[in-house]
Amino acid sequence: MNSMDSTKGKIGLKELLALILLDVGTKVADDTPHTFYEDFGNAAWIGILLIGLITLIPILLLTKLIKLYKDKNLIDIILHLFGKYIGFVLLFILWIMQVFANISNSAIYTDIIGTMYFNRTPVVVIYVVLVAVAAYGAKKGVEYIGSSAWVILFWVILSLLIILVVTFVQGEFTYIFPILGTGGWEIVKGSYNHSSLLTDFLYFGFIASNVKNSTVFNKGIWIGFSIVILSFVLALIGYVMLFDYYGVRMFDYPYHETIRYIEIGFLTNVELLFFPFWLVSSFIRFSFYLYLSALLFGALFKIKHFEYVVPALAALTMLVGLMPESAVFSMNKLKIIFLNVIAPVFLLLPILLWITAKLKGDFKK
Amino acid sequence: MRKFQHLSPILFFIFIIPLLSGCWDQTSIEERAYVVAIGLDKSKSGNENQIQVTYLLGNPEFSKKEAMTNEPPMEMITFDTNDVTVGKNKANTVIAKEISFNLLSVILVSEEFAKDKNFIRWMYDTTKEREIKRKTPVIVTKEETTKFFKQNRPKLESRIHKYYDYILKYGSEAGMIPNSESNIGKYYRTTQADASLYLAIYGTSEKSDYSRSNEEDSFMAGEMKVGEETNKVQFMGSAVFKEGKMIGKLTGEETRATVLLNDTLEMGAILATYKDPFDERYRITAKLLKKEKTDVKMDLKNPLPKINVSIPIYLDILTQHSMVDYANDSQKRERLKQSIEEEISDTLDALIKKTQEEFKGEPFGWATLARKQFLTIKEFENYDWMKTYPEIDVNIEVKVNIGNFGNQSDVPNLEEMRD
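Residues numbered from 1 in each chain as written. Chains lettered and ligands numbered in written order. Predicted model: local features only at pLDDT ≥ 70, side-chain atom pairs only at ≥ 80, totals over all residues. Heavy atoms only, no water.

Enquirer: For this particular structure, what's the right way to read the confidence of the model for chain A?
Expert: Summarising the model, chain A shows a mean pLDDT of 88, and 97% of its residues fall at 70 or more. Low pLDDT, under 50, characterises residues 1-7 of chain A; the predicted model gives this stretch three contacts beyond four residues in sequence or across chains. (pLDDT = per-residue confidence, 0-100. Contact = heavy atoms within 4.5 Å.)

Enquirer: Just checking my understanding: could you explain the nonpolar core for this structure?
Expert: Generally speaking, nonpolar side chains in soluble globular proteins are found buried as a group. Membership of the largest hydrophobic core comes to 129 residues, with the highest contact counts inside it found for A:Ile78, A:Leu198, A:Phe204, A:Phe206 and A:Ile207. For this core, the element with the most residues is helix α5 (residues 74-117) of chain A, which contributes 21 residues. What A:Leu198 contacts, discounting residues up to four positions off in sequence, is A:Val24, A:Ile51, A:Thr55, A:Phe225, A:Val228, A:Ile229 and A:Phe346. In this structure, B:Leu250, B:Leu260, B:Ile392 and B:Phe405 belong to the second largest nonpolar core, which totals 53 residues. (Core = buried A, V, L, I, M, F, W, Y, C linked by side-chain atoms within 4.5 Å. Buried < 20%, exposed > 50% of the residue type's maximum accessible area, 1.4 Å probe, protein only. Helix = DSSP H or I, 4+ residues; strand = E, 2+ residues; numbered from the N terminus.)

Enquirer: Help me understand the interface of chain A and chain B in this model?
Expert: Many structure descriptions define interface size as the accessible area lost when the parts assemble. Counting residues at the interface gives 36 residues for chain A and 30 residues for chain B. Buried area between chain A and chain B, both sides added, is near 3,200 Å², and the carbon and sulfur share of it is 56%. Its largest share of buried area at the contact with chain B, chain A owes to A:Arg120, A:Tyr246 and A:Tyr261, together 24% of the area lost on that side. Seen at the junction of chain A and chain B, the total is five salt bridges. Residue A:Glu257 is joined to B:Arg134 by a salt bridge in which the shortest nitrogen-to-oxygen separation is 3.2 Å. For the interface between chain A and chain B, the tally reads 11 residue pairs in polar contact (both at pLDDT 80 or more). Among the elements of the structure, α5, α6 (123-140), α10 (214-248) and α11 (254-261) of chain A are those that each provide at least two residues to the side of chain A that touches chain B. (Buried area = accessible area lost by both parts, 1.4 Å probe. Salt bridge = Lys/Arg side-chain N within 4 Å of Asp/Glu carboxyl O. Polar contact = N/O pair within 3.5 Å; in protein donor to acceptor, adjacent residues only side chain to side chain.)

Enquirer: I keep staring at unusual backbone geometry and nothing clicks. Help me out?
Expert: Among all residues save glycine, negative phi is the norm, and among peptide bonds the norm is trans. Residue A:Phe177 is joined to A:Pro178 through a cis peptide bond whose omega torsion reads -5°. Of note, A:Lys302 is a non-glycine position whose phi angle comes to about 55°, a positive value. Inspection of the secondary structure assignment puts A:Lys302 in the loop between α12 (271-300) and α13 (310-322). Phi at B:Lys360 takes a positive value of approximately 55°, unusual for a residue other than glycine. Overall, B:Lys360 belongs to the partly exposed group, its relative accessible area being 41%.

Enquirer: I tried to follow the environment of A:Tyr192 on my own but got confused; where do I start?
Expert: You can see A:Tyr192 is positioned in helix α8 (residues 184-194). Note: C-alpha distance between A:Tyr192 and A:Ala343 (151 residues apart in sequence) is 7.4 Å.

Enquirer: Can you help me understand empty space enclosed by the protein in this one?
Expert: Any empty space left between atoms is shown by rolling a water-sized probe over those atoms. Residues and elements named next belong to chain A. Applying the stated criterion across every chain yields a total of seven cavities of 30 Å³ or more. The computed volume of the largest cavity comes to approximately 360 Å³. Every residue lining the largest cavity is counted, 30 residues in all, and those nearest its centre are Lys27, Ser196, Asp200, Lys335 and Leu339. Mapped onto the lining of the largest cavity, the elements with two or more residues apiece are α3 (32-40), α5, α8, α9 (200-204), α12 and α14 (327-360). For the lining of the largest cavity, the leading source of residues is α14, giving seven residues. Looking at the lining of the largest cavity residue by residue, the class counts come to 12 nonpolar, 11 polar and seven charged. (1 Å grid on protein atoms, 1.4 Å probe; cavity = no way out; pocket = protein on both sides within 12 Å on 5 of 7 lines; lining within 4 Å. Points joined across faces, edges and corners; volume = space filled by probe spheres on them. Nonpolar A, V, L, I, M, F, W, Y, C, P; charged D, E, K, R; others polar.)

Enquirer: Is there a simple way to think about α12(A) in this case?
Expert: Under the 1.5 Å per step criterion, the end-to-end length of α12(A) is 43 Å for 30 residues, consistent within 8% with the ideal 44 Å. Of the residues flanking the end of α12(A), it is A:Lys302, one or two places downstream, whose phi is positive at about 55°. (Expected span 1.5 Å × (residues − 1).)

Enquirer: I would appreciate a short explanation of a nonpolar patch on the surface in the present structure.
Expert: Residue and element names in this part refer to chain A. Judged by side-chain polarity, Phe88, Val89, Phe92, Ile93, Ile96, Phe301 and Ile303 come together as a nonpolar surface patch covering roughly 550 Å² of accessible area. Within the fold, Phe88 resides in helix α5. Taking relative accessible area as the criterion, Phe88 reaches 33% and is therefore assigned partly exposed. (Patch = residues over 30% accessible without salt bridge, like charges linked within 9 Å, V, L, I, M, F, W, Y side chains within 5 Å. Areas by Shrake-Rupley, 256 points an atom, 1.4 Å probe, with all protein chains shown as cover.)

Enquirer: Looking at this structure, how should I read the packing of aromatic side chains?
Expert: Aromatic rings in a pair are described by how distant their centres are and how their planes are angled relative to each other. Residues and elements named next belong to chain A. Following the criterion strictly, the structure yields 46 aromatic pairs over all chains and no others. Summarising the aromatic geometry, the rings of Phe154 and Trp155 are spaced 5.0 Å apart at their centres and angled 80° between planes, so their arrangement reads as edge-to-face. Exposure remark for Trp155: the relative accessible area of 45% places this residue in the partly exposed category. Ring plane angle 85° and centroid distance 5.7 Å describe the contact between Trp222 and Phe225, whose orientation is recorded as edge-to-face. (Phe/Tyr/Trp six-rings, centres within 6.5 Å; stacked < 30°, edge-to-face > 60°.)

Enquirer: What is the right way to read the pairing of strand β7 (residues 198-204) of chain B from this model?
Expert: Moving residue by residue along a regular strand, the side chains alternate between the two faces of the sheet. All names here are of chain B. Most of β7 sits out of view: seven of its seven residues are buried. Here three bridges tie strand β6 (residues 138-141) to β7, and the two strands are oriented parallel to one another. Paired with Ile139 across the bridge in β7 is Ile201. Both β7 and strand β8 (residues 234-242) contribute to a ladder of six bridges, which runs antiparallel. Each residue of the ladder has a partner; that of Ile201, found in β8, is Ser238. (Pairing = 2+ DSSP bridges.)

Set out below in structure tokens:
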């Protein structure tokens, strides 16, 4: 308990950056690229650049708000600007979004582990282990998750870099042509639909008061944002270079097909070299997701020690996640609809908050 | 409460230990039977929905140098089944261990089965089977794969998985077989893209008669006469697949020419013979290298589409039986260059004619290069490369650079010597 008191529950730039990279960056290694290739074709890398452009404004406004209301997090800001009742409804929607994201992602990750690596282990067991470890982390709090994220960040980045280099060497560059993929207008439309990919950045606002100060927070957000976009661009090009658009759009999980396909020198079955890093970063990701759901739940129902909600939320996640019959299909479909629905929430909320703050005259103080 | 604080980590570790064993996926090496090669044939039962699967199981104990066993290096089983995956269980009626594809080196397909219109259905089964890697090479055999397996008894490399690794590696370095292109992953890609032809390795254990012509390598597997006591199996040439179905063959020479044209195929230093312009009776042996990429210029928007290909080739002359002194005579060298350029471009022209007229498609990787000319996938798909290719005017230009003339560049003057 002593160490917790000395840091006063705050995380620094390193931990925040590690959290951002492991939370958003690991999406290149799940089913997200699959949904990208469906809409953008081989121009998925242009799509992610456009998504970056679209989300630039909401993220910029978010950082402005965090800077303005020092020592407050997004929960306080929403309640302050929109009042008790609208604020409650908004936070409730955001909480539901977080819980659903958690359920669909954990179901999909369980499916990845089950179909690609542990064929004979029952899904329930994989799910229990995944959620139990994540719940353990979430219960410990954000500093704990942040520092474990920082500890493994180097190794995750190193493994990803090795994979990228090998992919670019073994791949065929001409596969990225025709350069515009499914066509100009399709890409623009798709980027709007997929912009919820970066919704996590909005949720980082909820831990703003856990970061040392608002300058550190904003710095972390921008550095994290740039690295995430860059790694997405490189990975999306890399998958196409290895399998061509025609092959890659058939894969559910391109990252895992990639690490099964590549060979490093005389080493042939290299996937088990990379799988542990992916697994650990997934644990961190779900710890953080569970932590966020608990945090929001606590804020909604005025629970001071919200950590104690974590086990209940974890159990809920697992029970709902185990319900659908074949997770990949039902969850993928649901997730795509869900992501399209939340896109406007993510894009508009910061703008609305900023306008309200402006109207209230908070910027002048 | 204090007491329990020390207890809880211990309890935690006790809980964690069972997880380390890999849960239900725990397997021990001794309990597995490793399939080194899978053979696919048409079923003889006449049932269209069944195939005949052959598993070639390698004996891992055989690789151990210190403790040689009396067990044979491999075991083979053949049976009719619905697909490769369900066969795993069926095989357990005779094999005492759990069947594993983790060390699978090759997939063999008989020519008859590859030409079947339903062949593609069984090929796609392998996408579902987690243990089969996309890097696994595909070999088409002239005869039934069971016969091929039986005849294949390599004399000096009895570890069968090593044998396949090595022969494919060195065969493709010689350019006789299209190895780097011919794995299952590339089969799927080419079939799905539906714009070019896929090449698989061609091999056989059957001898066939062949009237020897002047060229060194214009034969298929089985046609080369190899004397003395050796393995009956030969790998040479390639099987051509269009839309997932085998439609024809390329000889060793044509496969080499394809490798020369296609930059995506790995090419080592190829040894080949060319006719000597100063003495028709003799042929020159040369080491052929490609140091630069093939330059392909496309003009597709034209109503008469054109492709101009320029191939830079580096040649080292290794032997010349005519004993002409090329090393010191630049005019003679020029003549030799021209003659070789003509010979290579004649081969290439003939190959392109064959692909345009017989196959109506190309295995040269030009489809992906053509994609550069289009902005969107739709535009490219509307252009329908496979349909357009036979009408395209292809011009080949070969540029030969002669390097050195072997370790000793000078040759004695025969007439003076015999004088």
